[in-house]
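# Remarks on the overall topology
Okay, here's what each chain looks like letter by letter:
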Amino acid sequence: MSNDAAGRQTRFIVLLAALVALGPLSIDGYLPGLPDLAGDLRASAAATQLTITACLAGLAIGQLIAGPLSDTYGRRRPLLAGLALYTIASALCAVAPDVRTFVGLRLVQGIGGAFGIVIANAMVRDRTSGTRTARLFSALTLITGLAPVFAPVLGGQLLRVTAWPGIFVSLAVLGAVMLAASAAGLPETRSSASHQPLPAVVGQLLSDRVFTAYVLANGLVFAAMFAYISGSPFVLQEIHGLSPQQYSAVFAVNAAGLIAAAQISGRLVARAGARVLLLAGLLSATAAGTTVLGAVLTRAPLPVLLIGLFVLVSSVGLVMPNAAAQALADHGGHAGSAAALLGFSQFMFGGALAPLAGAGGATDALPMGIIVAVLPALALLTLGVLTRSMPGERTHRPACQGPAGHRRPRRHIDRRRAGIQ
């Protein structure tokens, strides 16, 4: 690859990474300003928490909108429209007169941010295949791991020089910069348009039990991580007595584990195969979740619990990029819709199941322990059952789509199912 081509490829990856980061930055960047926001808008604690839920809902719903649109109209036009929507909504959040308006704008902001997540993943599938796809998804997982950790830190630093509306002005500026950069630097990667109605596309994707298996496995493990995020502040600080600073250090170490695992996955995928690394991630997540539950039930020393949580979160760095690569491998013709279902499952499972981790309140760690033990085991079981060959069944499809929509011979599918990329 020439220096010029390598430079273009680097800029392409950096832009995709920035698009993926918009969602986490929107969710977590303003968290340090929540108390001031509640006071200024005269909002209750419940209404203030709803501003987070609204953004999560927007990120989930927006992916189902963005994916099919990008399959029908190409990647660039929907992406630019979504970024424009995100920029406008972020700016309006800064001047929202009351909490109801603010919640509505947060929903719209989430929808706009979802376009970047889905279309970035679809562009990876458009431009790459096999191990190259898994490597790029590992790089995007790195951003997914870094952004939630650093977003509150960045928000806290901004609050030194501005009030909470300044955070949303900054997000609006970031959206505008991303809009300009995408318009100037991101090429159209969709080679042909799909004119199938959305229900037909969704039905076609979900009827593929191999695709469904990877989507479910990814969503369930992601929900286990969400359960850790929502439950661990109470478990570690209220039950085990960690200070906020100590908890932040634990959170940062676990995030570093996820990042390291994603990078290891990117380096090993060419030799081991995406499916093998995915199975390794599911097995380690299951073992870690069982360790966490055992530590809770037996009241084991804190280091046992911390080790279990570290391995659990680190395992996500193996599961997410390889599940995404495997799920999209045979669906280049509908990569946008496939990426949308993959992303929607993460937020749907995470939003629905993670709050259960707090069912025991601030004094009982058992609900979190049960969830982080059951969900990875269920993901592993689901993958095993849905990708298992049935007697007399033709396990392999006769052909699949390559990165530019070309048909690929069956032998490539056979290699993918075997985990050989």
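Definitions and cut-offs
Residues numbered from 1 in each chain as written. Predicted model: local features only at pLDDT ≥ 70, side-chain atom pairs only at ≥ 80, totals over all residues. Heavy atoms only, no water. Helix = DSSP H or I, 4+ residues; strand = E, 2+ residues; numbered from the N terminus. Buried < 20%, exposed > 50% of the residue type's maximum accessible area, 1.4 Å probe, protein only. Contact = heavy atoms within 4.5 Å. Areas by Shrake-Rupley, 256 points an atom, 1.4 Å probe, with all protein chains shown as cover. Phe/Tyr/Trp six-rings, centres within 6.5 Å; stacked < 30°, edge-to-face > 60°. Lys NZ or Arg CZ within 6 Å of the ring centre and 35° of its normal. Expected span 1.5 Å × (residues − 1). Core = buried A, V, L, I, M, F, W, Y, C linked by side-chain atoms within 4.5 Å. pLDDT = per-residue confidence, 0-100.

### Details of the overall build of the protein chain
- In terms of regular secondary structure, the protein chain is built from 15 helices and 2 strands.
- For the protein chain, buried positions account for 52% of its 421 residues.
- Taking the contacts inside the protein chain whose residues are at least 6 apart along the sequence as the reference set, 82% of them involve residues at least 24 apart.
- For the protein chain, the exposed area adds up to about 17300 Å²; of that, 68% sits on carbon and sulfur atoms.

### Side note on the packing of aromatic side chains
- One pass over the full model with this rule turns up 8 aromatic pairs.
- Centre to centre, the rings of tyrosine 30 and phenylalanine 102 are 6.4 Å apart; their planes meet at 50°, and the pair counts as tilted. Of the two residues, tyrosine 30 is situated in the loop between α1 (3-28) and α2 (34-40) and phenylalanine 102 in helix α5 (residues 99-127); the sequence distance between them amounts to 72 residues.
- Looking at tyrosine 30, the relative accessible area reads 1%, which means it is buried.
- When the ring of phenylalanine 102 is compared with that of tryptophan 164, the centres are 5.8 Å apart and the planes differ by 85°; the resulting orientation is edge-to-face. Of the two residues, phenylalanine 102 sits in helix α5 while tryptophan 164 sits in helix α7 (residues 164-185), which places them 62 residues apart along the sequence.
- On the basis of relative accessibility, which here comes to 0%, the residue phenylalanine 102 falls in the buried class.
- The side chain of arginine 127 reaches across the aromatic face of phenylalanine 12, ending 4.5 Å from its centre.

### Considerations on the environment of glycine 289
- Here glycine 289 shows up in helix α11 (residues 274-298).
- The class for glycine 289 is buried, based on a relative accessible area of 0%.
- Taking the C-alpha atoms as reference, glycine 289 lies 7.1 Å from glycine 369; in sequence the two are 80 residues apart.
- Every residue in contact with glycine 289, bar those within four places of it in the chain, is listed here: Gly369, Val372 and Ala373.

### Focus on the environment of alanine 255
- Tracing the chain through its elements places alanine 255 in helix α10 (residues 244-272).
- In this structure alanine 255 comes out as buried when scored by relative accessible area, which is 9%.
- Separated by 62 residues in sequence, alanine 255 and glycine 317 place their C-alpha atoms 9.4 Å apart.

### A look at helix α13 (residues 335-353)
- When the terminal C-alpha atoms of α13 are compared, their 27 Å separation across 19 residues agrees well with the 27 Å that a helix rising 1.5 Å per residue should span.
- The element α13 is largely enclosed, with a buried count of 14 among its 19 residues.

### Considerations on the nonpolar core
- Leu16, Leu19, Tyr30, Phe102, Phe168, Leu186 and Leu282 are the most contacted members of the largest nonpolar core, which has 114 residues in total.
- Ranked by residues supplied to this core, first place goes to helix α9 (residues 209-239) with 17 residues.
- Not counting the four nearest positions on each side in its chain, leucine 16 is found in contact with Ala120, Met123, Val124, Leu140 and Leu186.

### Thoughts on α11
- In a regular helix each residue adds 1.5 Å, so 25 residues correspond to 36 Å; α11 covers 36 Å between its end C-alpha atoms and thus fits that length.
- In the segment just after α11, arginine 299 is the residue with positive phi, at about 55°.

### Description of the confidence of the model for the protein chain
- Looking at the protein chain, pLDDT values average 82 and 86% of them are 70 or higher.
- Averaged pLDDT values for the elements of the protein chain fall to 40 in strand β1 (residues 400-401) and rise to 96 in helix α4 (residues 76-93).
- Under a pLDDT of 50 for its full length, residues 390-421 has, in the predicted model, 70 contacts with residues more than four places off or in other chains.

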